[in-house]
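The chain contents come next:
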Amino acid sequence: KNKIYGFSQFPFGFARSSIYRHFACFCSDFMIELIFAFILGISLGIIAGLIPGLHQNNFIPIILGASFLFEPMAAAIILISAAVVNSFVNYIPSILLGAPEDSSSLSVLPGHRLLLAGRGYEAIRLTVVGNFFGAVFAVFSLPVFTIVVPSVYDIVHPNLFWILSFVVVYMIFS
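Remember, predicted model here, so these are calculated numbers, not experimental data. (Residues numbered from 1 in each chain as written. Predicted model: local features only at pLDDT ≥ 70, side-chain atom pairs only at ≥ 80, totals over all residues. Heavy atoms only, no water.)

**Structural notes on helix α6 (residues 105-116)**
Then step 1. Helix length check: α6, at twelve residues, gives a terminal C-alpha distance of 16 Å against a target of 16 Å (1.5 Å per residue), a fit within 8%.
Then step 2. Within α6, the full set of buried residues consists of Val-108, Gly-111 and Leu-114. Viewed along the axis of α6, the buried residues span an arc of 105°, placing them on a single side of the element. Facing away from the buried side of α6 by over 90 degrees, the exposed positions are Leu-106, Arg-113 and Leu-116.
Then step 3. Its buried side turned inward, α6 meets α5 (91-96) and α7 (120-156).
Then step 4. Once α6 finishes, Gly-118 follows within two positions and takes phi at roughly 90°, a positive value. (Helix = DSSP H or I, 4+ residues; strand = E, 2+ residues; numbered from the N terminus. Expected span 1.5 Å × (residues − 1). Buried < 20%, exposed > 50% of the residue type's maximum accessible area, 1.4 Å probe, protein only. Arc of directions from axis to C-beta. Contact = heavy atoms within 4.5 Å.)

Next comes the structure, spelled out in structure tokens:
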């Protein structure tokens, strides 16, 4: 089932190479399934991003319905990779067609203005660069948040009722 190929099964001394010895565990069937799930998620994210009105969450019932075909980890990889790729590709039809989703309608206005000025490619390029640096910032700030958030929660937790009550009262009267 999950077969890991041994060093003796590959000819021509490939098994003796140091690269193969470090990555021999990546030859399992489960890893191939995860790579396939990643590629499928990228494809679904591109499709959902390029078709206006189609969201990556529309694929959740399809993937849950077909969940008997693959492992739960593969389903999670499909959904997460589709969401990440969709966040990059979603701006292409939003800028070029003027059909943004509700969540990105205000962020597309400068890009649509550049399109009307004849600089649509530059608007898409700037959007992709901004998304990339936002993703890099999120990845690098994750360790900071894993240290800071539990400490802040320990301080806030005893008074959480009063803080949330104040927020609710403020929202009602504003």
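Next, the rest of the story.
**Describing the packing of α6 against α7**
Axis angle and axis distance: for two packed helices, these are the angle between their axes and the distance between the axes, and together they describe the pair.
Then step 1. For the pair α6 and α7, the least separation of the axes is 7 Å and the interaxial angle reads 155°. The orientation of α6 with respect to α7, classified from their angle, is roughly antiparallel. Contacts between α6 and α7 involve Gly-111, Leu-114 and Leu-115 on the former and, on the latter, Gly-120, Ala-123 and Leu-126.
Then step 2. Here the residues of the contact of α6 with α7 are counted per class, giving four nonpolar, two polar and no charged. (Axes fitted to C-alpha atoms, helices over the stretch in contact; angles between N-to-C directions. Parallel < 35°, antiparallel > 145°, perpendicular 65-115°, else oblique. Nonpolar A, V, L, I, M, F, W, Y, C, P; charged D, E, K, R; others polar.)

**Examining the environment of Phe-36**
Then step 1. Structurally, Phe-36 is set in helix α2 (residues 29-50).
Then step 2. Each C-alpha atom, one on Phe-36 and one on Ile-77, is 9.7 Å from the other, the two residues being 41 residues apart in sequence.

**Structural notes on the pattern of salt bridges**
Once the charged atoms of two side chains with opposite charge are near each other, the side chains can pair.
Then step 1. In total, this model carries one salt bridge according to the counting rule given.
Then step 2. Among the ionic pairs, Arg-119 bridges to Glu-122, the shortest N-O distance being 2.8 Å.
Then step 3. Overall, the relative accessible area of 40% leaves Arg-119 in the partly exposed class.
Then step 4. On the accessibility criterion, Glu-122 (25% relative accessible area) is partly exposed. (Salt bridge = Lys/Arg side-chain N within 4 Å of Asp/Glu carboxyl O.)

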